[in-house]
Each structure stands twice: as structure tokens, then as C-alpha cells.
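Observations on chain architecture
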Amino acid sequence: MALGWFRKKDRDGKSRPEEETADQPAEEATAPGNVSPDTAAEVEAPQADDVLTGKDDEKTQPEAVDPESENSVAERESEPAPDGEKSAGFFKRLKSGLSKTRKVLTTDIDELFTGKVKIDDEMLENLEELLITADIGVQTTLDIIEGIRKKAPRISGSAELKEILKSEIRALFDIETTAADSALVSKPHVTMVIGVNGVGKTTTIGKLAARANGAGEKVLIAAADTFRAAAIEQLTIWAERANADIVRHKENSDPAAVAYDSVEAAMARGVDRVIIDTAGRLHTRVNLMEELKKIKRSVSKKLPGAPQETLLVLDATTGQNALSQARLFNDAIDVTGLALTKLDGTAKGGIVVAICSAMNIPLKYIGVGEQIDDLQEFDPERFVEALF
């Protein structure tokens, strides 16, 4: 059916939806870097991070810290609202952020039943097109359509179709998690945060630190993204805002050394949680994935079993490219959880469904804005309700 829809698009002269691009090697950066002896022994490889971004160099360059912007955000993050009000406010922002997808899954599905009382092949083909348009992805869409086809005889209206769609989508979020995902099973609990530049790693780390601090945990942040201009300064601002300690070295120093020193400091100070920032792009001849592996090895040498969590941050606005990023990072470094940012109205929420279905990695956090409490634990039930 999917192939038929693509052929139909060709006949109509319309463009096809973007397919996921194959992983391709990107060109190496040429500037020398501060690399430790054990990294020098590793095989240098072409960088994958330029492929991951799907953006040109100009767009991936970091922005300098804007004190006025930081202050304006801080002003908006004043006294926290009561839990009930915060929860209701977040759900309202989530629904707003998913407005594009909700239109597809409500208004457009209602229109499918115009003049019809039962589901037929033409309606399923049109529904397939709607789901792909919502960024749910081809394979995930085919799986959902197959589930609906089996239940088609008992569907007699758009309301029943939506309920079955909710059930099919909700089932895709049923991913087993380990005990380490939900509780501190060792101390300090080390979270290594990875992702390409521009996805919101720095703000996500700050918000995670604030959440942990609010839960009564003592937090330390490791500024191991030593290559990006202003990265350390930005992270320092967030550490102060979250009332967290920070370990930082000078710019262009060895990221693995920063991570090692951070865990060592955390153990000496009785810290509960360590959050390690990492580079999303390197300006050295060292491959990004190899540098991340080195950080992981360094932390493990100091604290066996650490990092207990490797959190990949993805930008929802990049659509299917976010899925490609997830695959590349997971193949290299075994991602244990995902954080999806920028579900603020500019993204299609279907990408959340596509990533969870394709990767079998739990989505732990979603972000819908700039405020410090706009990063929340992912709740599949509420998310599916917000979609409709």
C-alpha cells in the first residue's frame, strides 16, 4: 500500500515525503586538538556529526552567550507554581506544541468518513498518507495500518477509528526500562548527555540538574564539551541557576579528563548525581563517536558501572533526521534513554512515535519551552491524549 501511495504521488506530480538518508561519512575537521595518549592509539575516522545534523556549517555554529537573553529567561523562571497547576500548564503547552499533528489526527480523519460509514482500501490509503505526513514514518505507519485493517469490520465512524489509533500508538511506547532508569541504584549516579550541537543539550542538562536539586539531590555538572565556543560559560550559567556544582577545565582541554575529574570530585563530596555534558561536534581530527567512547571508558575506570545512564538529546523539529541521529549514536555508544526537545508548535509530534517504535529505547523526557520546568518526564498516556 505504501508503494502504491508513492506511485500515486508520482502520477500527481507531487513530491514524496523525505525518506531517511543513509549514513554517510562526513569530511574530517583539520584543526589540531588536545588529545590524550590513549585516544591517539585509536583509529581516526571521518566525523559522523555533520551527517547527523542535516544542517550546513553556518547553522551548526554555536551562538555566543547573550546575557540579556539569559536574564529574560531567568525572569520568566520565577516562583514555581504548585504541582497541580504546573502539571495542568505543561499539558496545555504540550497540546499546543502538538497542534500540527492533532489537526491531522482529528480534523483530517473526520474528513475521511465524509460520505462513508465503513473503512475501505481507499480510506486506509488516505489514512496512511496522513500518518506519514505527521512524521510517524513509513514503517511505523504500515504497522499501525495493519493493526487497524484487522479491526476494520467493527469500525463505523471517525470516533471509533481515533480510539483504535490511540490504542495502536500507545502500544508502541511499551518499552521495558531498567531499575537504573527510575532510581539511584548507586552513588553517584552518572548521566552522560550526548547529541549534536543545536539540539538543546545545555538547557536540557540545566533543567535535569534543577529537577534533581528540587528532589533533594546534590548535583554536579561536568563541562566536558570543551571544544565549542562559549559552551562552558553557558553551562556555568545553568549550573548556578540549578544550584549545582560544576567542574570545568580550560577550553580545548581533554573532555575525558574533565569527566574523570568530575566523578572523582563527586565521590569526594558525597554528590548524588553527576551530569556530563559532551561535544556534539569536534574541531579536531578525532572522530566524535570515538571521543564519546573515550569519555565513557574514563568514567568507568574511576567508578565501575558508570555512566549508569546515557541520555541522547534530539530536536523534534528535525523530523526523520532525528531518527537517523538516534540510530548512529545508539550503534556507537548504547543509548539508554532519549530526551526530545522543542515540541513547541514547530515540530510534528509523530516523530515521537516513530523514534520509540523504531529504536526500542525509552523516551524519558520531553521539552515544550524555555522555562526551567518545561522539561518533563514523558508520560505516554498524556502524550497520546494530547495528540487527539
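Cut-off values and rules
Residues numbered from 1 in each chain as written. Predicted model: local features only at pLDDT ≥ 70, side-chain atom pairs only at ≥ 80, totals over all residues. Heavy atoms only, no water. Salt bridge = Lys/Arg side-chain N within 4 Å of Asp/Glu carboxyl O. Helix = DSSP H or I, 4+ residues; strand = E, 2+ residues; numbered from the N terminus. Buried < 20%, exposed > 50% of the residue type's maximum accessible area, 1.4 Å probe, protein only. Pairing = 2+ DSSP bridges. Axes fitted to C-alpha atoms, helices over the stretch in contact; angles between N-to-C directions. Contact = heavy atoms within 4.5 Å.

**Some remarks on the pattern of salt bridges**
Side chains bearing opposite charge may pair, as long as their charged atoms lie close to each other. Counted under the stated rule, the structure contains 17 salt bridges. Asp110 is the partner of Lys162 in a salt bridge, and the nearest nitrogen-oxygen pair spans 2.8 Å. Linking Lys162 in helix H10 (residues 158-171) with Asp110 in helix H7 (residues 99-112), this pair joins segments that are 52 residues apart in sequence. For Lys162, a relative accessible area of 16% puts it in the buried group. A relative accessible area of 35% places Asp110 in the partly exposed class. Where Arg273 meets Glu217, a salt bridge forms, and the shortest distance between an N and an O atom there is 2.8 Å. Here Arg273 is found in strand E4 (residues 273-277), whereas its partner Glu217 is found in the loop between helix H12 (201-214) and strand E2 (219-223), with 56 residues between them in sequence. Arg273 gets classed as buried once you look at its relative accessible area, which sits at 17%. Put simply, Asp121, Glu146 and Arg149 are held in one network by salt bridges that share partners.

**So, the sheet that holds strand E5 (residues 309-315)**
If you walk across this open sheet you meet the eight strands as E3-E2-E4-E1-E5-E6-E7-E8, and the pairing is mixed. This sheet does not close on itself; its edge strands, each paired only once, are strand E3 (245-247) and strand E8 (375-377). Each strand of the sheet is rotated relative to its neighbour by a mean of 25°, with strand direction disregarded. One ladder, built from three bridges, connects strand E6 (residues 337-341) with strand E7 (residues 363-367); its direction is parallel. Looking across to E7, one finds that Leu338 is bridged to Leu363. Taken strand by strand, H12 contacts strand E1 (189-194), E2, E4, E5, E6, E7 and E8, and its axis lies near 175° from that of E4.

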